[in-house]
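Here are the chains, one letter per residue:
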Number of protein chains: 2
Amino acid sequence: MTIGEVSEKFQMTADTLRYYERIGLIPPVPRKKNGIRDFDEQSCKWVAFVKCMRSAGVQIEALIEYVSLMQKDTGIERRKNILIEQRARLQQQAETLRTTIERLDYKIEHYEELLLKKH
Amino acid sequence: MTIGEVSEKFQMTADTLRYYERIGLIPPVPRKKNGIRDFDEQSCKWVAFVKCMRSAGVQIEALIEYVSLMQKDTGIERRKNILIEQRARLQQQAETLRTTIERLDYKIEHYEELLLKKH
DNA sequence: CTATCAGCTGAAGTCGGCTTTAAGTCAAGT
DNA sequence: ACTTGACTTAAAGCCGACTTCAGCTGATAG
């Protein structure tokens, strides 16, 4: 797949994909002889993974470390720990969201009553 | 309460509190004769509210608008809509978090198996 | 009396995460 | 031949949300 197709598929610009590869957020993408990126299954999976993680707010730094360990095919323990660490962060964030949404619910309800009475 | 006490209480710097007031993220804080901020119940509630919203990622812009409507004691309908809008954004984010955490769970499990076999 | 905390404005600095620009080259498809 | 879309690096630009600084004054506590 060309970078254009991948960018279409995942709804992100080609620039972003190149940027991700450049900073090591995804491993180097295989190329055709002419140097043009030829995303295979593997690369697409990485893109999907990174997109998912980033959308949830996982830090780029952590992902870069993870990806680099994957390439060196080393640090399984460390890799697992990175994932656990990030999961904990996301769980914390989910909890924060939960309480905030509750708070909003409460306030919205209040406005609903207010608007009913007004009439 | 002085700004120092409030900053202590909510674990945010005095600078940030002043910044919040300056940009209208919290309504003007009452002052003593000498001009020193004297946070009352009301002001503290605002701080708590904004802190909560911000920690969940509600945009400053939306909060500023909300706060300004509160002060003018107007736009109840609009106020409610702001809250509903932001709630929807947070719910979307919560959903994103949920799927990402699931994905991490899956990967972590995989590492666990791997580490077991290794031994 | 001095240290500490408070106040002010306004601007500059920082950081993360892109996004764009410059200034090209290269190759496949019509 | 021409268009399209790919490629390169390095640097600059942008945005949001703080954070800090500069350069003061003024009040309170020990």
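In what follows, the structure referred to is the one given above.
All of the points below concern the structure found in this document.

The rules we used
Residues numbered from 1 in each chain as written. Chains lettered and ligands numbered in written order. Predicted model: local features only at pLDDT ≥ 70, side-chain atom pairs only at ≥ 80, totals over all residues. Heavy atoms only, no water. Helix = DSSP H or I, 4+ residues; strand = E, 2+ residues; numbered from the N terminus. Rg over C-alpha atoms; globule rule 2.2 N^0.38 Å. Buried < 20%, exposed > 50% of the residue type's maximum accessible area, 1.4 Å probe, protein only. Areas by Shrake-Rupley, 256 points an atom, 1.4 Å probe, with all protein chains shown as cover. Contact = heavy atoms within 4.5 Å. Buried area = accessible area lost by both parts, 1.4 Å probe. Salt bridge = Lys/Arg side-chain N within 4 Å of Asp/Glu carboxyl O. Near = heavy atom within 4 Å. Polar contact = N/O pair within 3.5 Å; in protein donor to acceptor, adjacent residues only side chain to side chain. Nonpolar A, V, L, I, M, F, W, Y, C, P; charged D, E, K, R; others polar. Least-squares fit on C-alpha atoms with pLDDT ≥ 70 in both. Phe/Tyr/Trp six-rings, centres within 6.5 Å; stacked < 30°, edge-to-face > 60°.

### Some remarks on the overall build of chain A
Part 1 of the argument: In terms of regular secondary structure, chain A is built from five helices and zero strands.
Part 2 of the argument: In chain A, the order of α-helices and β-strands from amino to carboxyl end is α-α-α-α-α.
Part 3 of the argument: On C-alpha atoms alone, chain A measures out to a radius of gyration of 21 Å, which is more than a quarter above the 14 Å that the 2.2 N^0.38 rule sets for 119 residues.
Part 4 of the argument: When the backbone C-alpha atoms are referred to their principal axes, chain A occupies close to 70 × 35 × 20 Å.
Part 5 of the argument: The 119 residues of chain A split such that 39% are buried.
Part 6 of the argument: When the accessible surface of chain A is totalled, it reaches about 7200 Å², and 50% of it is carbon and sulfur.

### Comments concerning the side chain of B:E21
All names here are of chain B.
Part 1 of the argument: Residue position: E21 is located in helix α2 (residues 14-22).
Part 2 of the argument: Relative accessible area serves as the criterion here: at 13%, E21 is assigned to the buried category.
Part 3 of the argument: E21 has contacts with I26, P27, P28, V29, R31 and R37, leaving out every residue within four places of it along the chain.

### Description of the interface of chain A and chain B
Part 1 of the argument: Facing the 34 residues of chain A at the interface are 34 residues of chain B.
Part 2 of the argument: Together, the buried faces of chain A and chain B total about 3400 Å²; carbon and sulfur atoms form 75% of this surface.
Part 3 of the argument: Summed over the three residues of chain A that lose the most area to chain B, namely A:L97, A:L104 and A:Y111, the buried surface amounts to 19% of that side.
Part 4 of the argument: Between chain A and chain B we count four salt bridges in total.

### Some remarks on the protein's contact with DNA strand C
Part 1 of the argument: Near DNA strand C, the surroundings consist of 16 residues, among which A:T16, A:R54, B:R18, B:R31 and B:R37 are the closest.
Part 2 of the argument: The sugar and phosphate moieties of DNA strand C supply 85% of its atoms located within 4 Å of the protein.
Part 3 of the argument: Take A:T16: an N or O atom from its side chain is 2.8 Å from a phosphate oxygen of DNA strand C.
Part 4 of the argument: Within the contact set of DNA strand C, a phosphate oxygen lies 3.0 Å away from a side-chain nitrogen or oxygen of A:R54.
Part 5 of the argument: Per-element accounting of the surface near DNA strand C gives the leading share, four residues, to helix α2 (residues 14-22) of chain A.

### So, the protein's contact with DNA strand D
Part 1 of the argument: Every one of the 15 residues lining DNA strand D counts as a neighbour, but A:R18, A:R31, A:R37, B:T16 and B:R54 are closest to it.
Part 2 of the argument: Expressed as a percentage, the sugar and phosphate content of the atoms of DNA strand D within 4 Å of the protein is 89%.
Part 3 of the argument: Note that a phosphate oxygen of DNA strand D is positioned 2.8 Å from one of the side-chain N or O atoms of A:R37.
Part 4 of the argument: Of all the secondary structure elements, the ones that give two or more residues to the surface near DNA strand D are α1 (3-10) of chain A together with α2 of chain B.
Part 5 of the argument: When residues in the surface near DNA strand D are grouped by element, the largest group, four residues, is from α2(B).
Part 6 of the argument: Taken together, the residues of the surface near DNA strand D sort by class into five nonpolar, five polar and five charged.

### Section: the relation of the copies chain A and chain B
Part 1 of the argument: Structural alignment of chain A on chain B gives an RMSD of 0.2 Å, achieved by rotating through 180° and translating 0.0 Å along the axis. Each copy turns onto its partner about a two-fold axis. Within chain A, A:A94 has its C-alpha nearest the rotation axis, a separation of 3.0 Å.
Part 2 of the argument: Comparing contact sets, 100% of the residues at the interface of chain A also lie at the interface in chain B, consistent with an isologous, same-surface contact.

### Considerations on the packing of aromatic side chains
Residues and elements named next belong to chain A.
Part 1 of the argument: What the rule picks out here adds up to eight aromatic pairs over all chains.
Part 2 of the argument: Consider the rings of F49 and Y66, whose centres lie 5.8 Å apart with planes at 40°: the pair is tilted. Linking F49 in helix α3 (residues 41-55) with Y66 in helix α4 (residues 60-72), this pair joins segments that are 17 residues apart in sequence.
Part 3 of the argument: On the accessibility criterion, F49 (3% relative accessible area) is buried.

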